[in-house]
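Descriptive analysis of the structure
Read off the chains here:
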Amino acid sequence: MAKASIVQIAEDVTDQINKKQGGWSQSFKATRKYKPKTKLEETDQLTVQTAIAAWRVAPDNRTDWAHEYDIDIGIQYRDNEKAGDQATQKFDELLSLVEQISDYWEDTRPTLADCPLTAIAFGTGGDQPYIPEHIETLNQFTSIIRLTFRKLR
Amino acid sequence: MPDMMAEAATFVADQLSDNLSQDVTYRRGGLEVDLAATKCPVRAESDGQVNEDIANCDWIIKASLLVLGSETVEPQKNDVIEEADGQKWQVLPLANEPEFRPTDPYGTAFRIHTKRTNGAD
């Protein structure tokens, strides 16, 4: 049975990230989740998860509907208590990784499951490359890259 | 005339420390002290933005026991409370509150907010 477009896209995004292992500045394995889940005790290891974030449908013309699929890539890491929220060098390295991942999608601008990539955004709506509250209350770097793919159906 | 409220606060802090506490190691950098701390119930919460599970726990520690490097100190962000079973609780602020507050107007004890950063050994 054919997978739903949004599922295929999420799977392809995860695969492409993992295929480029060795090409990123830090090693990790991205995992696809229906509902991303982590524990604070586990984020002392670099954690990368992908998930379906949103699916919007709107009329495009008299016969077609535009479907927009959002896929989130979440990146989490917490340094030890000695560095705490002052782990500037590590956080800088993580932001470099975020930029690398974002650049990868900008450069390749792929079409996945017949849906071209149309937008890249950061955060869950506020354009923040990381969540400041997590730095303050968890000593944790949390970044979300949102990819939007579009298809006329 | 003695301040009865201050005496009561001291009495309560003593009772907690003497009868409702466990031995923990309180650590800051290379300094540490073994002391009696009262563990409040652990609250599990999930961060709504990224669905991250966090175990929160408050600890009540008599101010006079918190001595690091022969100085009485106040709790600080990133201090660590370690239990006998190896669980580590890192002192971290809440979203709307600093990492600790006095339990009474006299500063007899501290209520310290922590989050678990590892499991039991």
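Structure shown above.
Here we summarise the structure given alongside this text. (Residues numbered from 1 in each chain as written. Chains lettered and ligands numbered in written order. Predicted model: local features only at pLDDT ≥ 70, side-chain atom pairs only at ≥ 80, totals over all residues. Heavy atoms only, no water.)

Glancing now at the overall build of chain B. Along chain B, the regular secondary structure elements total one helix and ten strands. Computed over its C-alpha atoms, the radius of gyration of chain B comes to 15 Å, within 12% of the 14 Å expected for a compact globule of 121 residues. In terms of principal-axis extent, the alpha carbons of chain B reach across some 55 × 30 × 25 Å. Each of the 121 residues in chain B was classed as buried or not, and the buried ones make up 49%. Sequence-distant contacts, at least 24 apart, represent 54% of the contacts inside chain B between residues at least 6 apart. Carbon and sulfur atoms form 52% of the exposed surface of chain B, whose accessible area is close to 6200 Å². (Helix = DSSP H or I, 4+ residues; strand = E, 2+ residues; numbered from the N terminus. Rg over C-alpha atoms; globule rule 2.2 N^0.38 Å. Buried < 20%, exposed > 50% of the residue type's maximum accessible area, 1.4 Å probe, protein only. Contact = heavy atoms within 4.5 Å. Areas by Shrake-Rupley, 256 points an atom, 1.4 Å probe, with all protein chains shown as cover.)

This part takes up the overall build of chain A. When you go through chain A residue by residue, the secondary structure sums to three helices and seven strands. Taken from the N to the C terminus, the helices and strands of chain A come in the order α-β-β-β-β-α-β-β-α-β. Radius of gyration (C-alpha) of chain A: 16 Å, near the 15 Å computed for a compact globule of 153 residues. Over its C-alpha atoms, taken along the principal directions, chain A stretches across nearly 60 × 30 × 30 Å. Within the structure as shown, chain A displays about 7900 Å² of accessible surface, and the carbon and sulfur contribution to it stands at 48%. For chain A, the distance from the average position of its 19 positive side-chain charges to the average position of its 24 negative side-chain charges is 8 Å. (Lys, Arg positive; Asp, Glu negative; His and termini not counted. Charge placed at Lys NZ, Arg CZ, Asp CG, Glu CD.)

Residue and element names in this part refer to chain A. The strand order S1-S3-S4-S7-S6-S5 describes an open sheet built from six strands, whose pairing is mixed. Strands at the two margins of the open sheet, each flanked by one partner only, are strand S1 (30-32) and strand S5 (111-112). When S1 meets strand S3 (residues 47-59), the two strands line up parallel, connected through three bridges. The residue of S3 that forms the bridge with Ala-30 is Val-48. (Pairing = 2+ DSSP bridges.)

The next subject is the interface of chain A and chain B. On the chain B side, the residues contacting the 25 residues of chain A number 21 residues. Taking both partners together, chain A and chain B bury about 2000 Å²; carbon and sulfur atoms supply 44% of that area. Counting every contact that joins chain A to chain B gives three salt bridges. Taking the shortest distance from any N to any O, the salt bridge between Glu136(A) and Lys77(B) comes out at 3.9 Å. In this assembly, chain A and chain B are joined by twelve residue pairs in polar contact (both at pLDDT 80 or more). Put simply, the parts of the chain that give the side of chain A that touches chain B at least two residues each are strand S2 (38-39), strand S4 (65-78), helix H3 (132-138) and strand S7 (140-152) of chain A. Among the elements that line the side of chain A that touches chain B, the one with the most residues is H3(A), at six residues. (Buried area = accessible area lost by both parts, 1.4 Å probe. Salt bridge = Lys/Arg side-chain N within 4 Å of Asp/Glu carboxyl O. Polar contact = N/O pair within 3.5 Å; in protein donor to acceptor, adjacent residues only side chain to side chain.)

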